[in-house]
Amino acid sequence: MTNTNLFNITQKSESLTVEYSMEIQTATDVSSVFKERIELVDGFLNEGEHRIKGIEDTISSLTADLSAVDYAMSIASGILAGCLDAVFVGEFSLDRGTEWGKEKVEGFVKWVAKKQGYEGNDLSGAVSFLERNNPIAADLVTDKFGGGRFHHLNDFSHHPTLVGLFFSMLTQFTGRVYGTKASSLTTPDSPLPQGTFISYPVPDGELIGNYFTSKISLGFTRWLFHMVSDMAGSSSSIYMGKYGTGLPGPVVSLLKELSSLPIFQNKDNINAFSKWISKLFNGTLFAAHDTEGRIVPENILKFDLRAEIGVGYEIGRQTLPVVLNECVIRSYYLVSRLIRSVKNAGLKSWNDYKKVYTLPWKDILPKANNRTLVRMLTISTGTFTAIDIADATVRAMMLSGANPGQFAKQLLLRVNIAGVGRFSMAVYADAKMGYERWKEVRHLQSMLSSQLALTNAKLYYKQGEQQIAEIDATKATEELVDLVRVSVPTMIESMDDIYMSNKEIDRGLTDIRKSNPQIFNEIQKLLS
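Residues numbered from 1 in each chain as written. Predicted model: local features only at pLDDT ≥ 70, side-chain atom pairs only at ≥ 80, totals over all residues. Heavy atoms only, no water.

Examining the overall build of the protein
Point 1. Across its full length, the protein carries 16 helices and four strands.
Point 2. A burial count over the protein gives 33% of its 528 residues as buried.
Point 3. The contacts in the protein between residues at least 6 apart in sequence include a share of 67% that link residues at least 24 apart.
Point 4. Put simply, the protein shows about 32500 Å² of open surface, and 61% of that area lies on carbon and sulfur atoms. (Helix = DSSP H or I, 4+ residues; strand = E, 2+ residues; numbered from the N terminus. Buried < 20%, exposed > 50% of the residue type's maximum accessible area, 1.4 Å probe, protein only. Contact = heavy atoms within 4.5 Å. Areas by Shrake-Rupley, 256 points an atom, 1.4 Å probe, with all protein chains shown as cover.)

Written out as C-alpha cells, the structure is:
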C-alpha cells in the first residue's frame, strides 16, 4: 500500500544528482514527538532541581549567619586575648628563649650520656664522655671546614637533620666529607670561591666502616650520638664557662645547604647569602657595636640549635592568648548552637534523650569549613591583633626615645607574630569561602536560567499539544456534522415510515375490534 504522505524528489545539476524523500507527518505523529520531548525536558528539569538543591545547600554553608550576640562575643574574646597578651606575654626575647633552649639542651645531653653509661653529673664530663665514645669521620677534616668555630655549620654531616644523616651515610660509602668552603681565599689548590659546595677525603680512611653493617652503624648510630655531644658545645669551652659553638638548628642548616647552590654566587664569585648565614650562626649579625664600630662581645648571641629551640619557646608563649581566643570562640559556638538546636527540637526533659540523635550536629559542631565560625574567628583575631599592635606601638614609642631604628626594633619585638599569623589565616579562609560562595551564586544563576529555558521549552511543547488537540477536535466536529447531515434525511424518512406503519396498525385494530371484539381485547391486554 502506497504511503500518500511520502514524496520522492530528485534534483539534478550538471555534475550531481540528489534524491531525497519528504514525509508529511500527521498530527498524531507530531503529538507523539511532543510527548517524547516533554518527557525529555521533564527529566532535565528534575535533574536541574536536584543540582539546584545541592548548590543552595553549599551557598548556605558558605554564608555567615551571625547574630548581634555572636558579634559581641567575638569582639569581647579578642579584647580579652589582647589584654592577656599585653600583660603576661610581653615582648619577644631571644635572650630568654636561648637561655631556656640552653637549659633544655644541656639537660638532654646529660640524660643521653647517662643512658650510655656516664656516671657523673656535670655537663662538661657528659659531653667529653659522648665525644670519646662516638667519634665520626667528619671531625678528621675539621680544619678544612673552618675549624672549631665554623665546621659545624660548613660540614653538612654536622647538621642535625635528615640532610645531615644523608651526608653522614654518604661519607661512609664514598670516604669523603661534604659541605661548603669556609675560606674566602682562592689558591691554585683551592680556586673555588667561599660558600661553594666541596668535599674532602677522609685521611687514611679512618672511621669508615669496612662492611655494610659497620657503615650503617658508624653513619647512623654513632652519628646520632655524636650530634648529641655537639649540641651544647665542646667540653673544653663548657669547662671554661663559655657558650661554646653548638650545632646549627634545622632552619640555619637548611639555609646553609641552600646557599651552596650556584644561583647564590654573583658575577664576582661572592656568595653574600652564605656569609650572611655564617654571621647569623656566630652571633655577629645582630650584635651591638661601640662608638668605634667594634662588636661588643657581651652582645654576641649565636643563633644555633639552642637559639632555634628558644625561638620556638618564645613563639609558644605568644600562642597562649591565640589558643585561648580560639578555644573561647569555638566553645561559645558549640554551646550556643547546641542550645538553639535543643530549643528548636522541643527537648524539655531528660526523657527526650532520643531526640538528641536527630539534632543537626553538622551545624552544631565547630567545624573548620563553617563560614559563621570562620567569620567569628576573623573578627576576634582581628580585634586581638589591633589591640596587640596598638599596645606594641605605644610601648615602642616610650622605649625608643624618638629613635626610628629603636622604634622599629621594639615594635617588632612586641608584636605577637603568632596572633598576626592566625589573623592572616582567618582572613584568607574567610575571603576564600566568600569567593567560593560568589562562584556558587553565579552557578545558581546559570542553573536557574537553564531551568527557565527548559520550562519555556516545555510550555511551547504543551502549546503544540494543545493546538494539535484543537485540530483533532475540529476534525471530529466536522466529521460529526457530516454524519448528522447524512443521517437526518434518513431519520426523517424512517419516521415517516413509522408514522404510516402506525396508521396502518390503527386501521387494522379498528377492523379487528369491529369484526372480533374478543380478539381485540386480548391484543389490547398483550400490548398493555
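Details of the nonpolar core
Point 1. Membership of the largest hydrophobic core comes to 29 residues, with the highest contact counts inside it found for Val-109, Leu-130 and Met-231.
Point 2. Where this core is concerned, the elements lending two or more residues are α3 (94-115), α4 (123-133), α6 (162-174) and α7 (212-231).
Point 3. Top contributing element to this core by residue count: α4, with five residues.
Point 4. Once you skip the residues sitting within four places of it in the chain, Met-231 turns out to touch Val-105, Phe-108, Val-109, Gly-246, Leu-247, Leu-305 and Arg-306.
Point 5. Phe-92, Val-252, Phe-281 and Val-311 belong to the second-largest nonpolar core, a separate cluster that totals nine residues. (Core = buried A, V, L, I, M, F, W, Y, C linked by side-chain atoms within 4.5 Å.)

So, the pattern of salt bridges
Point 1. Applying the stated criterion across every chain yields a total of 14 salt bridges.
Point 2. A salt bridge links Asp-57 to Lys-53, with the shortest nitrogen-to-oxygen separation between them at 3.1 Å. Placement of both Asp-57 and Lys-53 in helix α1 (residues 27-61) is noted, with a separation of four residues, approximately one turn of the helix.
Point 3. Classification of Asp-57 as partly exposed rests on a relative accessible area of 43%.
Point 4. Owing to a relative accessible area of 46%, Lys-53 belongs among the partly exposed residues under this scheme.
Point 5. With a closest N to O distance of 2.6 Å, Asp-304 and Arg-306 form a salt bridge. There is no split in this pair, since Asp-304 and Arg-306 are both buried.
Point 6. Residues participating in the shared-partner salt-bridge network are Arg-96, Glu-314 and Arg-317. (Salt bridge = Lys/Arg side-chain N within 4 Å of Asp/Glu carboxyl O.)

Side note on the packing of α6 against α7
Point 1. Taken N-terminus to C-terminus, the directions of α6 and α7 make an angle of 150 degrees; their axes are 9 Å apart at the nearest point. The two elements α6 and α7 meet at a crossing, and its hand is right-handed. Counting all contacts with α6, which are made through Gly-164, Leu-165, Ser-168, Met-169, Gln-172 and Phe-173, the residues of α7 involved are Phe-212, Lys-215, Ile-216, Leu-218, Gly-219, Phe-220 and Trp-223. (Axes fitted to C-alpha atoms, helices over the stretch in contact; angles between N-to-C directions. Left-handed = near helix turned anticlockwise from the far one by under 90°.)

Some words on a nonpolar patch on the surface
Point 1. There is a patch of nonpolar side chains on the surface, built from Leu-334, Val-335, Ile-339, Val-356, Trp-361 and Leu-365 and spanning about 450 Å² of accessible area.
Point 2. Relative to the assigned elements, Trp-361 resides in helix α12 (residues 361-364).
Point 3. By relative accessible area, Trp-361 is classed as partly exposed at 31%. (Patch = residues over 30% accessible without salt bridge, like charges linked within 9 Å, V, L, I, M, F, W, Y side chains within 5 Å.)

Side note on unusual backbone geometry
Point 1. One non-glycine residue, Leu-207, adopts positive backbone phi at about 60 degrees.
Point 2. Tracing the backbone shows Leu-207 in the loop between β4 (197-201) and α7.
Point 3. On the basis of relative accessibility, which here comes to 28%, the residue Leu-207 falls in the partly exposed class.

Comments concerning the packing of aromatic side chains
Point 1. Using the criterion set out here, one finds 14 aromatic pairs in the structure.
Point 2. Summarising the aromatic geometry, the rings of Tyr-118 and Phe-129 are spaced 5.7 Å apart at their centres and angled 40 degrees between planes, so their arrangement reads as tilted. In this pair, Tyr-118 sits in the loop between α3 and α4 while Phe-129 sits in helix α4, placing the two residues 11 residues apart along the sequence. Phe-129 carries the same exposure label as Tyr-118, and that label is buried.
Point 3. Ring geometry for Phe-273 versus Trp-276: centroids 6.5 Å apart, planes at 20 degrees, classification stacked. In this pair, Phe-273 and Trp-276 both sit in helix α10 (residues 272-282), three residues apart, roughly one turn of the helix.
Point 4. Put simply, the rings of Phe-156, Phe-166, Phe-167, Tyr-178 and Phe-197 touch in pairs and so form one group of aromatic residues. (Phe/Tyr/Trp six-rings, centres within 6.5 Å; stacked < 30°, edge-to-face > 60°.)

Considerations on helix α13 (residues 371-400)
Point 1. The terminal C-alpha atoms of α13, which comprises 30 residues, lie 42 Å apart, in line with the 44 Å expected from a rise of 1.5 Å per residue.
Point 2. If you check the start of α13, you find a side-chain oxygen 3.0 Å away from the backbone N of Thr-372, and it comes from Asn-370.
Point 3. Gly-401 sits one or two positions beyond α13 and adopts a positive phi of about 60 degrees. (Expected span 1.5 Å × (residues − 1). Polar contact = N/O pair within 3.5 Å; in protein donor to acceptor, adjacent residues only side chain to side chain.)

Brief notes about the side chain of Asp-70
Point 1. One can find Asp-70 in helix α2 (residues 68-89).
Point 2. We classify Asp-70 as buried; its relative accessible area is 1%.
Point 3. Of note is the side chain of Asp-70, whose polar atom sits 3.0 Å from the backbone nitrogen of Ser-67.
Point 4. Not counting residues up to four positions away in its chain, the partners in contact with Asp-70 are Asp-65, Tyr-332, Arg-337 and Met-376.

Looking at the environment of Phe-225
Point 1. As for its position among the elements, Phe-225 is in helix α7.
Point 2. Taking relative accessible area as the criterion, Phe-225 reaches 24% and is therefore assigned partly exposed.
Point 3. In this structure, the C-alpha to C-alpha distance between Phe-225 and Pro-135, residues 90 residues apart in sequence, is 9.1 Å.
Point 4. In this structure, Phe-225 is in contact with Val-112, Gln-116 and Asn-134, ignoring residues within four places of it in sequence.

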